[in-house]
Structures are given as C-alpha cells and as structure tokens.
Amino acid sequence: MAVSLMDFLKGLNAPQREAVVHTEGPLLILAGAGSGKTRVITHRIAYIITELRVPPSAILAVTFTNKAAGEMRERVHALLAEAAPNWLENSANPNAAPNVATFHSFCVRLLRRDGDPLAQIRPGFTRRFTIYDDDDQLTVIKSGYRALGFDEKDFLQYRAALSRISHAKNRKQSPEDLFRDATTLESERLAALYQFYEGALRSANALDFDDLLLETVRLLRHDTATRDAWNRRLSYVLIDEYQDTNRSQYELMRLLSESHQNVCVVGDEDQSIYSWRGADIKNILDFERDFPNAKIIRLEQNYRSTQNILSAAGAVVENNKARIGKKLWTESAAGERIGLYTAPDGENEALFIAHHIDRLLSSHPQDHVAVLYRTNFQSRQIEEALRRYGRKYNIVGGFSFYQRAEIRDMIAYLKLAVSQADSASLQRVINTPARGIGRATVEQIETLARERNLSMWGALEDAIEEQKLAARAHAALVSFRDMMRKIAEAAGTLPLPEAIRFILEKTGYRDMLLQEKTPESETRLENLDELISAAAEAAERGETIADFLDHAALVAEADAYDQTAPVTLMTLHNAKGLEFPAVFIAGMEQGLFPHSRSAVSPEALEEERRLCYVGMTRARKRLILTWAKYRRRFGGREPERSMPSCFLSEIPPQLMVEIGKREQPAELELFLERHEVQQAAKRNMFTGKTVNSLENIHQFFGERGKSFNGPKPPVESAPVRPAAQPSMPRPAAPRPPQRAARTGMTVDHPKYGRGTVVRREGEGEDAKITVNFPGYGLKKLVEKYAGLKRD
DNA sequence: ACTAAACTATATTTC
DNA sequence: ATAGTTTAGT
C-alpha cells in the first residue's frame, strides 16, 4: 500500500489541514498572501478524489488564468502520483484529471457542448458562435459610431463607451432600459450605441467576454435540464481568487452548486484589484451572509516573505476600511530592510534597477527578479536599461504576439472562414493586403448590411448580385468573395496548418510581405512560419480550427510568461499569484501609483492600495521601491515634477532604508558607472524597434497544449538564452574608420554580440544598417557609432 | 477611388 | 514612440 494521502496532510499546518478535509457544505478560505493557498487547493482536490472516491470529472476548480489552471492540474497529478499511485493505476478513467479552468474557458466549453437551448432566448445563437475579443469589440463600436453619426470628439471615446456598455450588460440592463432612463444626450447616445452593439454581435453570432459568462448564466437559468445535468455532473466546486469574481461569476457558482452546496471559495479581500472590470469585493465580504451555514477558515501564516516585507505590506493595507481583517504572521527572520531609491528622473530609475539586477544576478545567478509597475508604458525605459546591461528579460503584457498584425490577420481569416457572419473579422481582412476595396466601398456594404439586417458578408453578396457598385469596386468584391469561398472550403477540408498556408498564398499575404523586403516584413514572415508550426502541433494534438481559435481568444498575457527567466517585467496586475526572491516596484509616485484616475473616490484609492499590497507581498527576500523626481510623459516633452507615492509614507520608516545615497561608498561607484553607461548608451542609441519575439509566440502557443480536461502533454518552457555576459558596456572609444558592413555579413556588437546584417541604408558617414542579433531582434544602427567589429 | 506619406494626439489596470 | 488620422499624390 502506498503512502496514504493522510501522511501528506501532516505536512500542512492546522488550518490548512482543516481546509482540506472540510469538504461538505460551503467553505470560505481567507488565504492571506503567501499562506500556502495553492497547496491547500491541490491537497483538497487530491483528498476528495482519493479519500471520498469522487471521480475527478465531478470536481470543478476555477482559477484566474489558464496558466494557474495548468499548474494546478499538474500539481494535483503529482500529488496523486506520489500519495496514491495505486489509485491512479486502478482508475478506470485515464483522464484522471479534475476540471480546472478559468471561468471563461469553462463557459466556452459548456456553451459549445450544451448551448443549443440558448437559441430559444437568444435568437440566431448556435454552438458555432464566434468569440469577439477586445479588438473585435472596438471594430463594432467604431462601426456603431459611423452608423449613428457619432464622433469621438463630442461623445465618449471608443474604449470608454465600450466599458460603459460592458457595465450596463453586467448590471443586466438592456438597451431599452438605458433608453428609458436616459436623461442626457450622452446617455441617449450610449443607449443607441449599446443597441447597435448588441445587434451587431447577434447578427454575427458572436459573444464577447461578458457574454460568455452572462449567457451561460442565462442558459442555466432558462434550461432546467442543462442546469440539472451540470449539477449532477459536478459535486464539488472550487473557486480561486474569489475576491475578484464579478456578479455573473458569482451567479454561475451558485447555479452550478445549487443541489449540493459543496462550494469552496478561496480568496483574500486585500488582494481584490479588478473592480474596474466588474469584480465585486462584496462577493467575498458577504459570503457569510449568502451562505449562513458557511464555514470560514483563515490562513494567516505566511511562508513566503521576510518579517520586514510582511510588516511593511501589512502596514500599508491596514489603511483600508473595506476589509474583513486578518493578521499575517511568519516565522521567518526580519530579513533585509526594504530599499527605497529616489531617482532624479525616469531614465536614472531604470538604470538603477538594471544595475541592481545586474549585481544581484551576478552574485545570485539562480535568483529570479521581478520588476513591477503600474502602467505598461513604464516598461520601455526599464527594458532599454536592461538591454544596456546585457540582461535578458521576459516581459508579460504590453505588446505580445497576439497583438501582432500578421497573427491577428491570419486569425481573422480563419474566423471568417469558419463563420461568415463574423463581420468584425471581415472588416479586418477585406482589404488586407490591399486589393482595391477602400473605405468608401466598405462603408457602402456596411450601410447595406444595416438596412437589410444582414451580416457584412451577406450584404457583400447582395451588392454583387444586384450590381450595386461601380465596375472597379464590383470586380474587387467579386474576387474577394470567390477567394473567401475557396478559403472557407479549404478551412473545412485541409488540416489546420495547411489551411493557414493556403490562406497565406491565396490572399497574397505572403507575396505582400515578400515584396516588402524590409527587416520588419521578414520578421513577420518568420512569425507566420511560427504560427504554422504551432498550428501543426495543435493539429497533432487533435485540435480543430475551432479549438485553435478558442484558445487564441482565451489565452491571456499572463499565460505566456516564462517562469524560468531570470528577470520578468510586468504590471502589478499581472503579478497576482506569483512570487519572486527579489521584487522591484518602480514609479512609486503620486498620480502614477496611485494612479491619477483613482483620485475620484476613496474606494478607488483603496484598490490602488491593495494593488500595492499585492506587489509588495510578491517578494520573498528582497523588496526595492523606486520613484523618480521628474518623469517624462509622452515622447519628447519636458519632464514633469512628481511627488513620492503616499504609500511610501505608510510604510514604517524603520523598515526602510534609502539606497543610492552618497554617503554609502558602494553607491558612489553606481553613479560613476551610471555616467559611463549613459555615455555608452548615447553612442549606441538605436532607432527602430525590436520586432523579434519568436520565442514569445512559441511559448504562447505552447500553452494551448493544456486541453481543458485531458492529460497534460509535456510542456517545454521556451529555451532560456545562455547566461548573459556580465559586461558593462564600455564607453566606446573613437574608432578607426572601417570598411562598410554589407548585407549578409556577420558583425560583432559590443553589447548585442554577433549578428547578421540584413539591410543597409544610406551612404558613407551616415549609413544606417539593420542587424539581426539573435536574442535581441532587429536593431537599426548608425554604422559609424555602433562600434561594430567584423568577424 | 485608393494608397502612401505627413501629421497629430496621446497612455491605467485585462478575462 | 506610436497608432490613428488627415492630406497629397497616383
């Protein structure tokens, strides 16, 4: 007989153990940061499976990201393998994995499988619905503005309008409700736009992210049979990050646990950071009221951070009113004090961080460091600084591959091929590459679609049949229509990668890029090759085009993050649930963090404070906070004066130490070096952008292997590049004139190492060359300043 | 009528 | 810095 799981439970502390074995009835686990929450959840799942003999498929665990879901699945499996190998072997079900999903992926799966009855209350709905992501939503909003004659200048900005509509939807207000309550011109317009938006989604048989949840809830309410089936199917429901659930997620939880009430929610009210997305902190604050027989367990022992970090973070969040209140404690030593660095400006701040990381990783090469910031734009300077130090970094969010035009274009072609009603995708690809269908023509089709209540594809077909357009436009439309028909056929018959290849050829997309012959176009081609190979892998795993598209829509930024990278840059929001030995939080300034938009209400400020708490508690051993006295907003404008973040003054001074002060001899060196780095950097300044991120793409698609309910295929993390060269960039000495570098030549750059020249522009002194450096991507360099050596 | 090149306004956080 | 928009050119 194998080691019993009960033995494993001995490794847990008393409340943790209690949380594992209290399986029946509603349970709220208030899990402070670093209190071993994931351990509890995984043990609990394993316990239910082995001790209560519940089939894994009867357990649903909902996590916040796909990555967290994958990890959880993996850890449960490892636990079972160790604690109950016999169970695993004897299990009749080879898919011995519980359902672990995000709310969104769970809903997609439910709707694709059992969604038919939804058609009764959502006319036109079929299980082959399309998912409209952020970009598609904006396309619809823009069409709405055109159709209704609105202008961003005298009405809401697109994004603001979208968020207002989303809020109305989540409050279950219909466009008619909004009309009825409209008192101002703006609210009337919003109602009209909302009506247009809903109409557009329905006629495209599309669901946006809100709909995935809302419509699942509506389906379960409406159709008793489906609801009963799911209540029978699932006997235990577990929800992680409960503090960030919104209304419809709450309702979904209740509907799914209606008959058994075995619902376990895990959360921490101090880490609720998504109210702007509709998360309702009341869900966790009112759990006791919602479930009068609920058991509440507090996990208050922190196993992650040092005493100093914990005390400092606790002191900050204590200023909040909206909390249940708990006191985290730790057995860890006090540890280092929290570092505070005051930079003269943003560039210096970034260089300080890079320098510090460089030193840290030189002495502790195994450590992982995170740099956290409030807004994505802050990443640029830090990235640049890290590159100057030759440190590799991983960046989560901001510009990731699925925002890349070429990937989005291909996805849009596929979506349109699968569902011709998908008008947002049609608008994206109708003239990409340019094929003589300009704005005027598109608008005419849009109008026709509106008049006849058709999708744009339907309107396009009508326009052709009825010869509604001038000869030139007509011909262009005919050839687009015929091409799309062939593509749709190909998508229906060819294997996924072949279908993508077919699209690339048939649309002339590949030719367009081949003709461009710029470094950018070459990178795009490479990205597309990578997409094809990712598609091939997906096809091998048995994914259909529809599966592939679902994943593309549902996989989030945080899912593509590589944990093995030594340095990770991300927003504070993305850092939720992660931990690092060393953490930097940059931009601790009034107006930036807390963000100026939070000044509107005390509640908003409290959320910023929770965000600060989340950030600080990511750190295990070392936490360094930085701010800049002057910061430049936008391109080249003059820097603006800033004030230190109010959160800094909430940290007890005795827990902090200022670093970078002149009296510390070690830091003198920093300033000298900094000056050196700046000089070197100025000489090495490159224009142009980094466009190479093949690794990101690969990684992103690697994630998709984790199917919802199946065994997890081995996932290789993307290769981490060889250890960074520890060199500081030397100030470039004046160089003897060199013979010009030609295309194809291999050159050696003092910082980026060896690379291949891919392009040369201009003559003589001013010649600019573009070089592809493996690991850094394409760099545009002024040859005479670049300090290149030829091999 | 469409495309490419100049111009200008701009950046919370994201499933 | 860059995405989105206007304008001039084919």
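The structure reproduced in this document is the subject of the present report.

## Considering the nonpolar core
Met-410, Phe-480, Met-484 and Ile-500 are the most contacted members of the largest nonpolar core, which totals 48 residues. If sequence neighbours within four positions are ignored, Phe-480 has contacts with Leu-416, Leu-426, Val-429, Ile-430, Arg-435, Ile-437, Trp-457 and Leu-460.

## Considerations on the protein's contact with DNA strand B
The full set close to DNA strand B counts 26 residues, and Arg-374, Asn-376, Phe-377, Ala-434 and Gly-438 are the nearest of them. A distance of 3.3 Å separates a sugar or linking oxygen of DNA strand B from a polar atom in the side chain of Arg-277. The contact in question runs from a sugar or linking oxygen of DNA strand B to an N or O atom on the side chain of His-595, over 3.2 Å.

## Remarks on the packing of aromatic side chains
Tallied over the full model, the rule gives 13 aromatic pairs. Centroid distance Phe-125 to Phe-129: 5.5 Å. Interplanar angle 25°. Geometry classified as stacked. The class of Phe-125 is buried, set by a relative accessible area of 5%. In this structure Phe-129 comes out as buried when scored by relative accessible area, which is 2%. Plain terms: the ring middles of Tyr-145 and Tyr-158 are 4.8 Å apart, the flat faces sit at 80° to each other, and that makes the pair edge-to-face.

## A look at the sheet that holds strand β8 (residues 295-299)
Strands sit in the order β3-β2-β6-β7-β1-β8 across an open sheet of six strands; the sheet is parallel. Single-partner strands in this sheet number two, and they are β3 (99-102) and β8. The average undirected angle you get between the axes of adjacent strands in this sheet is 15°. Relative to strand β7 (residues 263-267), strand β6 (residues 236-239) runs parallel, the two sharing three bridges. Across the sheet, the residue bridging to Leu-238 is Cys-264, located in β7. Here helix α4 (residues 66-83) sits on the sheet and contacts β2 (59-63) and β3; the angle it forms with β3, its principal contact strand, is near 165°.

Calculation criteria
- Residues numbered from 1 in each chain as written.
- Chains lettered and ligands numbered in written order.
- Predicted model: local features only at pLDDT ≥ 70, side-chain atom pairs only at ≥ 80, totals over all residues.
- Heavy atoms only, no water.
- Core = buried A, V, L, I, M, F, W, Y, C linked by side-chain atoms within 4.5 Å.
- Buried < 20%, exposed > 50% of the residue type's maximum accessible area, 1.4 Å probe, protein only.
- Contact = heavy atoms within 4.5 Å.
- Near = heavy atom within 4 Å.
- Polar contact = N/O pair within 3.5 Å; in protein donor to acceptor, adjacent residues only side chain to side chain.
- Phe/Tyr/Trp six-rings, centres within 6.5 Å; stacked < 30°, edge-to-face > 60°.
- Pairing = 2+ DSSP bridges.
- Helix = DSSP H or I, 4+ residues; strand = E, 2+ residues; numbered from the N terminus.
- Axes fitted to C-alpha atoms, helices over the stretch in contact; angles between N-to-C directions.

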